[in-house]
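One-letter residues, chain by chain:
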Amino acid sequence: MIKLNRTNKDISKSLPIKVMQFGGGNFLRAFVDVMIQQLNTEADFNAGVAIVKPTERGDYSALKAQDGLFTVVLDGIKNGELIAEKTIVSCIQEVIHAYNEWDAYLNLAENPDVRFIVSNTTEAGIKFNVEDQFIDEPPKEFPAKLTIWLYNRFQFFKGAVDKGCVLLPCELIEDNGAVLKNTVIAYADHWALGENFKNWIYSSNHFANTLVDRIVSGYPTDRAQEIQNEIGYEDALLVAGEYYHSWVIQGDGVVQKELPFRKTNLNVQFVTDLAPYREMKVKILNGAHTAMVPVGYLAGIRYVQEAMHNEKVSNFVETLLKEESAITLDFPEDTKLQFIADVLDRFRNPLLKHQLISISLNSTSKFVTRLLPTFKEYYLLKGVIPKRIAFGLSALIRMYSGSFDGEKIDLNDDQKTLQLFSKNWAKFNSKELNLIVLVAIILSDISIWGEDLTKYDGLTKLVTSNIESINDIGIVESLKKI
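Residues numbered from 1 in each chain as written. Predicted model: local features only at pLDDT ≥ 70, side-chain atom pairs only at ≥ 80, totals over all residues. Heavy atoms only, no water.

Draft legend 1. Spatial organisation of the pairing of strand β2 (residues 17-22). Counting buried positions along β2 yields 5 of 6 residues, so the element is predominantly enclosed. A crossover links β2 with its parallel partner strand β3 (residues 48-53), the connecting element being helix α2 (residues 26-43), and its sense is right-handed. By the bridge criterion, 4 bridges tie β2 to strand β7 (residues 116-119) in an arrangement that is parallel. In the strand pairing of β7, methionine 20 is matched with isoleucine 117. (Buried < 20%, exposed > 50% of the residue type's maximum accessible area, 1.4 Å probe, protein only. Helix = DSSP H or I, 4+ residues; strand = E, 2+ residues; numbered from the N terminus. Right-handed = clockwise from strand over helix to strand, strands pointing away. Pairing = 2+ DSSP bridges.)

Draft legend 2. Spotlight on the nonpolar core. In this structure, Phe347, Leu393, Ile397, Trp449 and Leu459 are the most contacted members of the largest nonpolar core, which totals 66 residues. With 10 residues, the top contributor of residues to this core is helix α10 (residues 275-298). Those residues in contact with phenylalanine 347, other than ones at most four positions away along the chain, are Ile215, Leu285, Ala288, His289, Met292, Val304, Gln305 and Met308. If you look at the next biggest cluster of nonpolar residues, it comprises 43 residues, including Phe31, Ile51, Phe70 and Cys170. (Core = buried A, V, L, I, M, F, W, Y, C linked by side-chain atoms within 4.5 Å. Contact = heavy atoms within 4.5 Å.)

Draft legend 3. Local environment of the pairing of strand β10 (residues 209-213). Where burial is concerned, most of β10 is hidden: 5 out of the 5 residues are buried. Taking every second residue as pointing to the same face, both faces of β10 are buried, with Asn209, Leu211 and Asp213 on one and Thr210 and Val212 on the other. Across 5 bridges, the pairing between β10 and strand β14 (residues 246-250) is antiparallel. Paired with asparagine 209 across the bridge in β14 is glutamine 250.

Draft legend 4. Fine view of the side chain of glutamate 451. On the secondary structure map, glutamate 451 appears in the loop between α20 (446-449) and α21 (459-481). Reaching out from glutamate 451, the side chain makes a polar contact with the side chain of tyrosine 456 at a distance of 2.9 Å. (Polar contact = N/O pair within 3.5 Å; in protein donor to acceptor, adjacent residues only side chain to side chain.)

Draft legend 5. Representation of the layout of surface pockets. Here the second largest pocket is characterised by a volume of approximately 510 Å³. In terms of lining, the second largest pocket is formed by 25 residues, of which the most central are Ala124, Lys127, Asp414, Thr417 and Ser447. Those elements that place two or more of their residues in the lining of the second largest pocket are α15 (363-370), α18 (415-429) and α20. (1 Å grid on protein atoms, 1.4 Å probe; cavity = no way out; pocket = protein on both sides within 12 Å on 5 of 7 lines; lining within 4 Å. Points joined across faces, edges and corners; volume = space filled by probe spheres on them.)

Draft legend 6. Here's a closer look at unusual backbone geometry. Here the bond from glutamate 137 into proline 138 is cis, since omega is 5°, no more than 30 degrees from zero. Tracing the chain through its elements places proline 138 in the loop between β7 and α5 (142-156). The backbone phi angle of lysine 158 is positive, close to 55°, even though this residue is not glycine. Its location among the elements puts lysine 158 in the loop between α5 and β8 (166-169). The class of lysine 158 is exposed, set by a relative accessible area of 75%.

Draft legend 7. Here's a closer look at helix α6 (residues 176-190). In a regular helix each residue adds 1.5 Å, so 15 residues correspond to 21 Å; α6 covers 21 Å between its end C-alpha atoms and thus fits that length. Each element contacted by the buried residues of α6 is listed here: α5, β8, α7 (195-204), β9 (206-207) and β10. (Expected span 1.5 Å × (residues − 1).)

Draft legend 8. Broad picture of empty space enclosed by the protein. Applying the stated criterion across every chain, the model contains 2 cavities of 30 Å³ or more. When contributions to the lining of the largest cavity are tallied by element, the ones reaching two or more residues are α2 and β7. The element best represented in the lining of the largest cavity is α2, accounting for 4 residues. Among the residues forming the lining of the largest cavity, the class breakdown is 12 nonpolar, no polar and no charged. Volume-wise, the second largest cavity comes out at about 40 Å³. Surrounding the second largest cavity, Cys170, Glu171, Leu172, Ile173, Asn176, Thr210, Leu211, Val212 and Arg278 form its lining. (Nonpolar A, V, L, I, M, F, W, Y, C, P; charged D, E, K, R; others polar.)

Quick look at the structure:
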């Protein structure tokens with residue numbers, strides 16, 4: 001069987017690079033890149049993409065070996081029938097590793113065709129780090145790398161108004177575009193890049209707040225051979241996701257005019273207020289994922305669909321959404337219940353193999369953005385702790401011990417966060433700390449949660465009790481108690 005590359009598929013590399021993309025992971029490839037592919041096919045967008053590796057680990061060698069090509073398989077219901085739509089994405093023209101090819105990254109700023117910048121560096125990605133320096137090659141944080149790139153562009157084109165960019169961050173944080181812009185300005189101030197550059201950022205660049213929605217499960221391991229037999233070539237970068245998608249973009253008329261989504265059937269909306277869309281999606285869909293991961297994983301479950309077929313785990317998720325998340329949303333009851341039902345149906349998609357461990361990336365920051373606001377609003381409304389969110393938090397802390405039932409857990413989070421959990425769990429295991437002290441130390445750490453969670457009356461005791469129960473009788477039996 002032939003391998004996927006441009007020679008074997010006779011696909012030329014001839015598109016002007018109009019999009020710079022920070023990250024080449026599963027989500028961006030099966031969401032943004034497949035949309036750009038459709039815009040090119042149906043709306044004559046004629047846009048190539050340069051993918052920038054924003055982190056040091058990994059080198060996108062598989063993507064380079066396939067000349068930037070990969071296949072997206074979208075599973076779901078279309079016109080009442082189960083489908084698996086397959087698309088070769090060929091818009092990737094260049095792959096640049098910021099840590100190994102810093103000069104190539106900066107040279108991209110001199111390309112007059114680049115107009116759009118997209119990113120998905122997770123909730124932890126858009127932040128200011130005072131230790132980042134302008135002379136670093138590169139600095140650590142994504143916004144720092146972006147600021148240097150924009151400054152190079154500003155200088156090369158002498159502040160030309162038409163050489164600014166449209167930025168479409170996909171990170172799941174509130175007002176992601178505004179936060180990214182403010183972080184860029186913070187770096188401009190930190191490095192004294194001048195008022196002219198800052199004015200160019202404000203006047204010539206468009207930072208749009210966005211909200212993305214598609215469940216992307218990644219490489220479809222259990223049916224990869226079947227798919228490759230069907231398509232007739234080997235693809236090491238097969239990526240599967242659900243057919244359902246939504247991209248809500250809050251931006252000025254320039255953004256809508258330059259992105260011709262209206263010429264396609266893609267579910268992309270341009271709105272003046274993103275807030276209600278974001279709150280519903282984050283609290284229900286993303287909140288469900290974040291609560292499900294540690295509970296399901298500690299129950300021995302490895303996929304979302306499996307979790308939805310486990311009565312205790314699925315009941316836990318559904319009840320959390322209906323009895324805790326929903327009451328904090330200002331929508332009609334039938335609207336909330338329908339959205340919950342739709343989300344749960346999406347989780348049950350029989351073709352979607354979404355690994356819990358892949359969703360667990362940066363689980364602590366995801367808890368802060370996806371579940372903590374609901375926790376706090378519920379606490380204010382009811383005067384008591386939402387016990388299912390608290391149970392999810394308990395399972396998260398237990399999962400971050402790094403092992404369960406003799407099995408090592410492949411955690412992926414900020415290194416300082418992982419070190420803090422590891423250090424304190426080691427002290428617990430060596431009996432330097434008892435469990436309630438361990439829990440209090442972790443819950444009170446502002447660097448993890450953004451605030452001291454021990455201030456919520458009874459939370460430390462409840463989390464301790466939950467973890468004791470998980471250790472003694474396991475997750476499933478513990479779920480019965482709540």
